[in-house]
Each structure stands twice: as C-alpha cells, then as structure tokens.
Amino acid sequence: MVKMTLIARVTDGLPLAEGLDDGRDLPDSDMYKQQVKALFKNLSRGHNEASRMSVETGPYVFHYIIEGRVCYLTMCDRSYPKKLAFQYLEDLKNEFERVNGPNIETAARPYAFIKFDTFIQKTKKLYQDTRTQRNISKLNDELYEVHQIMSRNVQEVLGVGEKLDQVSEMSSRLTSESRIYADKAKDLNRQALIRKWAPVAIVFGVVFLLFWVKTKLW
C-alpha cells in the first residue's frame, strides 16, 4: 500500500507537492518524513547514484525516480509490488510535467504546487488495491521492467552522503591550512632574507654616508 508521496526539485531540495493526508495514521511518520528530507538534501548535493532507486527503511521502502531535475518519491509497504510503485510514480511524473512543467524552475516557495494533491489522491486510490484487474494487468506488463532498479538501505544511502560531506569538509580544511602554511613560509623566507642582508645594507649605508660627508668637507 502507498503510504506517502512527495515531489521535490533536485537542484535545491525544495518540496513542490505532497499527498496532504499522507502519514496521518502512520507510526513514526515524522521520522520517515525527516528521512525523506535527508534524501532530498543528499540529492540536491549531487549524491544521487541512479535516476531510479528503492531505499529500504524499517517495514517500508522509499521508491523514487528523478527526471527533469525533479524527484518523485513514494513510501510503500515492503510487500507492495515494486513494479506498481514505479508505475504510480511514472503517472505522477507525466501529469506533473504536463501541468506544471514551465513553472518548476521558477518556483520560489515550498509546496508551490500543493493543488497537485488532488491528482495524487486520485491516482493513489487506483494503485492501492493490487488485486484489481487494472493493477494485475500492469504487473503482467512485460514491457515495464524494474529488476535492474537498485535497492539499498536508508542508513547506507544517508551515510554515503554524510561521508561525502565529511570528505569535502576535510578537503576544504586541508586547502585552507595549506594556504596558511604557504603564507607563513613566505613570511619566514622574507624575515630570513632581511636578517641575512640587513647588516650588509647597514655597512654599505654607513660607508656611503661617510664618503658623502668626506666629499662635502673637501
């Protein structure tokens, strides 16, 4: 059964639409929504390995597709057929692009397309019962295959994002420290040169001054 549906822009993780009644009767719904936000955050940072993926979390699975820089995500029971979940997302994608396509990139506030919930609810009802003739036909559709879609654990996916962030932060810190070291090295070299040549310059200065005074006296 479909439990939750969210749509977000990949470039910045901005939520664009969601099923308004999703998760109301779901235990720990806030935790799962936080995981979805973390997934969108990872995607906005470029931590996406595939345009289609299933991410296991407890008794549920997040399925998502990315197209046109938009992520369409749903959370279903583990027992819910993977093929139906992705066909459900395809239906949402096709309608969302048709209705809102020109305005997706310019959306500036969260849930700018919240009215799309009407289509989400209508479509979700069509996919809830896997035993209807319509859904059985979709399950038997050999032209739509999902076997090659990768499945991973949510901690693994979010952990990869955190590790990449740590590597990036460490790299930035090392670069900053290298610049500081280089600047200090330049200062030390400059001070060494001054210490080396300052006495010579003073001697030459004194000699020149004496020579100048002597010529004036003559």
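An unreviewed UniProt entry annotates the chain as Longin domain-containing protein originating from Capsella rubella.

Draft legend 1. Highlighting the overall build of the chain. Counting its secondary structure elements, the chain contains five helices and six strands. Ordered by position from N to C terminus, the α and β elements of the chain give β-β-α-β-β-β-α-α-α-β-α. Within the span of the chain, comprising 218 residues, buried residues form 37% of the whole. Within the structure as shown, the chain displays about 13700 Å² of accessible surface, and the carbon and sulfur contribution to it stands at 57%.

Draft legend 2. Structural detail: unusual backbone geometry. The backbone of D28 shows a phi angle near 60 degrees, a positive value even though the residue is not glycine. Here D28 is to be found in the loop between β2 (15–18) and α1 (29–44). Accessibility expressed as a relative area gives 53% for D28, which makes it exposed. Look at R69: it is not a glycine, yet its phi comes out positive at around 60 degrees.

Draft legend 3. Layout of the environment of I104. Relative to the helices and strands, I104 resides in the loop between α2 (82–100) and α3 (117–128). Overall, the relative accessible area of 6% leaves I104 in the buried class. On a C-alpha basis, the gap between I104 and R69 in space is 9.1 Å, while along the polypeptide they are 35 residues apart. Once residues lying within four places of it in the same chain are set aside, the contact partners of I104 are R9, L16, V70, F96 and F113.

Draft legend 4. Representation of the pairing of β2 within the structure. In this sheet, β2 lies alongside strand β1 (residues 2–9) in antiparallel orientation, the contact comprising three bridges. Counterpart to A8 in the pairing with β2 is P15. Between β1 and β2, which follow one another and run antiparallel, lie five residues, and G13 among them has a positive phi close to 75 degrees.

Draft legend 5. Expanded view of the pattern of salt bridges. Scanning the model with the defined rule gives eleven salt bridges in all. Here R69 makes a salt bridge to E105, at a shortest N to O gap of 3.6 Å. Of the two residues, R69 is situated in the loop between β4 (60–67) and β5 (70–77) and E105 in the loop between α2 and α3; the sequence distance between them amounts to 36 residues. Using a relative accessible area of 39% as the deciding quantity, one classes E105 as partly exposed.

Draft legend 6. Region of interest: the sheet that holds strand β6 (residues 150–153). Spatially, β2-β1-β5-β4-β3-β6 is the arrangement adopted by the six strands of the open sheet, whose pairing is mixed. Lying at the two open borders of the sheet, with one neighbouring strand each, are β2 and β6. The sheet shows a mean angle of 20 degrees between the axes of neighbouring strands, direction not considered. Two strands pair when backbone bridges link them, and strand β3 (residues 52–57) and β4 are joined in this way by six bridges, in the antiparallel orientation. From the neighbouring strand, S54 faces β4, where its bridge partner is H63. Each of β1, β2, β3, β4, β5 and β6 is contacted by α2, which is oriented at about 40 degrees to β4, the strand it contacts most.

Draft legend 7. Structural context of the packing of aromatic side chains. In total, this model carries six aromatic pairs according to the counting rule given. Ring geometry for F96 against F113: centres 5.5 Å apart, planes inclined by 85 degrees, an arrangement best described as edge-to-face. Of the two residues, F96 is situated in helix α2 and F113 in the loop between α2 and α3; the sequence distance between them amounts to 17 residues. With a relative accessible area of 0%, F96 lands in the buried category. Geometrically, the ring pair formed by F96 and F116 is edge-to-face, given 5.0 Å between the ring centres and 80 degrees between the ring planes. Linking F96 in helix α2 with F116 in the loop between α2 and α3, this pair joins segments that are 20 residues apart in sequence.

Draft legend 8. Geometry of the environment of G159. With respect to the helices and strands, G159 occurs in helix α5 (residues 154–217). Along the sequence, G159 and N42 sit 117 residues apart, while their C-alpha atoms lie 9.9 Å from each other.

Draft legend 9. Representation of the nonpolar core in the model. The biggest cluster of nonpolar side chains holds 27 residues, and the ones touching the most others in it are I7, L16, F96 and F116. Counting only elements with at least two residues in this core, the list comes to β1, β2, β5, α2 and α3. Looking at which element gives the most residues to this core, the answer is α2, with seven residues. In this structure, F96 is in contact with I7, L16, A17, Y72, G101, I104, F113 and F116, ignoring residues within four places of it in sequence. Ranked by size, the runner-up nonpolar core spans 22 residues in total, among them M4, V10, L26 and Y32.

What counts and how
- Residues numbered from 1 in each chain as written.
- Predicted model: local features only at pLDDT ≥ 70, side-chain atom pairs only at ≥ 80, totals over all residues.
- Heavy atoms only, no water.
- Helix = DSSP H or I, 4+ residues; strand = E, 2+ residues; numbered from the N terminus.
- Buried < 20%, exposed > 50% of the residue type's maximum accessible area, 1.4 Å probe, protein only.
- Areas by Shrake-Rupley, 256 points an atom, 1.4 Å probe, with all protein chains shown as cover.
- Contact = heavy atoms within 4.5 Å.
- Pairing = 2+ DSSP bridges.
- Salt bridge = Lys/Arg side-chain N within 4 Å of Asp/Glu carboxyl O.
- Axes fitted to C-alpha atoms, helices over the stretch in contact; angles between N-to-C directions.
- Phe/Tyr/Trp six-rings, centres within 6.5 Å; stacked < 30°, edge-to-face > 60°.
- Core = buried A, V, L, I, M, F, W, Y, C linked by side-chain atoms within 4.5 Å.

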